[in-house]
Amino acid sequence: MSEFFSKCYEKMHKGAILVAYKGEVNSNIIADALELIEYKLTQEAVETPVRKKLYNVMVECLQNLYHHVDAIPDAVQDSSFGAFIISKVDNGFYLSTGNMIEADKKSILQGKIDKINSLSKEELKEFYKFVLNNQSFSDKGGGGLGLIDIAKKTGNKLNYEFIQYNDSYYFFILSVLVNGR
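None of the values given here were measured: they were computed from a predicted structure.

Draft legend 1. Structural view of the environment of Arg-51. Structurally, the position occupied by Arg-51 is in helix H3 (residues 48-67). C-alpha separation for the pair Arg-51 and Leu-41, spaced 10 residues apart in sequence, amounts to 6.4 Å. When neighbours within four sequence positions are excluded, Arg-51 is seen to be in contact with Glu-38, Leu-41, Thr-42 and Val-46. A polar side-chain atom of Arg-51 sits 3.0 Å from the main-chain carbonyl oxygen of Val-46.

Right under this line is the structure:
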């Protein structure tokens, strides 16, 4: 299993890595990661508007990672395994998160992301309002707003990949570019 996760983690790399983590995902890890990210962005002298946008998008990405990791019954590693990487690229910053999801959730998640990616900036705003006013919230707290919010804040498409672990699980990688200007 660790070889599988290592291969998945390698697919998430892009550019010069500022912060990278793989392992158990919990609220303490996320709080520490956000603190480290803020420090690194300050050290990199990232302009305040870009730093704020990147930080806000990272909060949303990490919340999605924390709330939507699916436990693997036969896991050798911690069942709440996840990964995230923030990289500096020529035109900004690249954020990637990865976590296990149950196979029966794959097509639903893929459909949501494809719908979001098909919308214009204005349509995204309207879709966000629609979901906010009409969607019921899941037991994990979300009504699908997180992915829409990430697309709205970045103005870029959500990149994703599903890597099959077995018949019941996939490793889901979500990546997004935050423009540096």
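From this point, the discussion proceeds with the structure in view.
Draft legend 2. Structural detail: unusual backbone geometry. Although it is not a glycine, Ala-45 adopts a positive phi angle of roughly 55°. Relative to the elements of secondary structure, Ala-45 occurs in the loop between helix H2 (27-43) and H3. A relative accessible area of 63% places Ala-45 in the exposed class.

Draft legend 3. Quick look at the nonpolar core. In this structure, Met-58, Leu-62, Leu-95 and Leu-158 are the most contacted members of the largest nonpolar core, which totals 39 residues. By residue number, the principal contributor to this core is H3, which donates seven residues. Setting aside its immediate chain neighbours within four residues, Leu-95 contacts Leu-54, Val-57, Met-58, Cys-61, Ile-85, Ile-86, Leu-174, Ser-175, Val-176 and Val-178.

Draft legend 4. Looking closely at helix H6 (residues 145-154). Where burial is concerned, most of H6 is hidden: eight out of the 10 residues are buried. Within the span of H6, buried status applies to Leu-145, Gly-146, Leu-147, Ile-148, Asp-149, Ile-150, Ala-151 and Thr-154. Along its buried surface, H6 packs onto H3, helix H4 (103-118), helix H5 (121-134) and strand E5 (169-179). Phi turns positive one or two residues past the end of H6, at Gly-155, with a value near 75°.

Draft legend 5. Focus on the side chain of Ser-96. For Ser-96, the position within the fold is in strand E3 (residues 92-102). When its relative accessible area of 1% is taken as the criterion, Ser-96 is described as buried. A distance of 2.7 Å separates polar atoms of two side chains, one belonging to Ser-96 and the other to Ser-175. Those residues within four positions of Ser-96 in sequence are excluded, and the remaining contacts are Met-12, Ala-83, Phe-84, Ile-85, Leu-174 and Ser-175.

Draft legend 6. Looking closely at the sheet that holds strand E2 (residues 81-89). The strand order across the open sheet formed by five strands is E1-E2-E3-E5-E4, and the pairing between neighbours is antiparallel. Across the chains shown, the open sheet's two edge strands, defined by having one partner strand only, are strand E1 (16-24) and strand E4 (159-164). On average, adjacent strands in this sheet sit at an angle of 15° to one another, irrespective of strand direction. Against the sheet, H3 contacts E2, E3 and E5, and its axis sits at roughly 5° relative to E3.

Draft legend 7. Here's a closer look at the pattern of salt bridges. Within the structure shown, the criterion is met by four salt bridges. The partner of Glu-38 in a salt bridge is Arg-51, and the shortest N-O contact between them spans 3.5 Å. Linking Glu-38 in helix H2 with Arg-51 in helix H3, this pair joins segments that are 13 residues apart in sequence. The exposure class of Glu-38 is partly exposed, given its relative accessible area of 31%.

Draft legend 8. Layout of H2. The terminal C-alpha atoms of H2, which comprises 17 residues, lie 24 Å apart, in line with the 24 Å expected from a rise of 1.5 Å per residue. Those residues of H2 hidden inside the fold are in contact with E1, H3, E2 and E3. Sitting at the head of H2, Asn-26 places a side-chain oxygen 3.0 Å from the backbone nitrogen of Asn-28. Where H2 ends, the next residue or the one after it, Ala-45, has phi of about 55°, a positive value.

Cut-off values and rules
Residues numbered from 1 in each chain as written. Predicted model: local features only at pLDDT ≥ 70, side-chain atom pairs only at ≥ 80, totals over all residues. Heavy atoms only, no water. Helix = DSSP H or I, 4+ residues; strand = E, 2+ residues; numbered from the N terminus. Contact = heavy atoms within 4.5 Å. Polar contact = N/O pair within 3.5 Å; in protein donor to acceptor, adjacent residues only side chain to side chain. Buried < 20%, exposed > 50% of the residue type's maximum accessible area, 1.4 Å probe, protein only. Core = buried A, V, L, I, M, F, W, Y, C linked by side-chain atoms within 4.5 Å. Pairing = 2+ DSSP bridges. Axes fitted to C-alpha atoms, helices over the stretch in contact; angles between N-to-C directions. Salt bridge = Lys/Arg side-chain N within 4 Å of Asp/Glu carboxyl O. Expected span 1.5 Å × (residues − 1).

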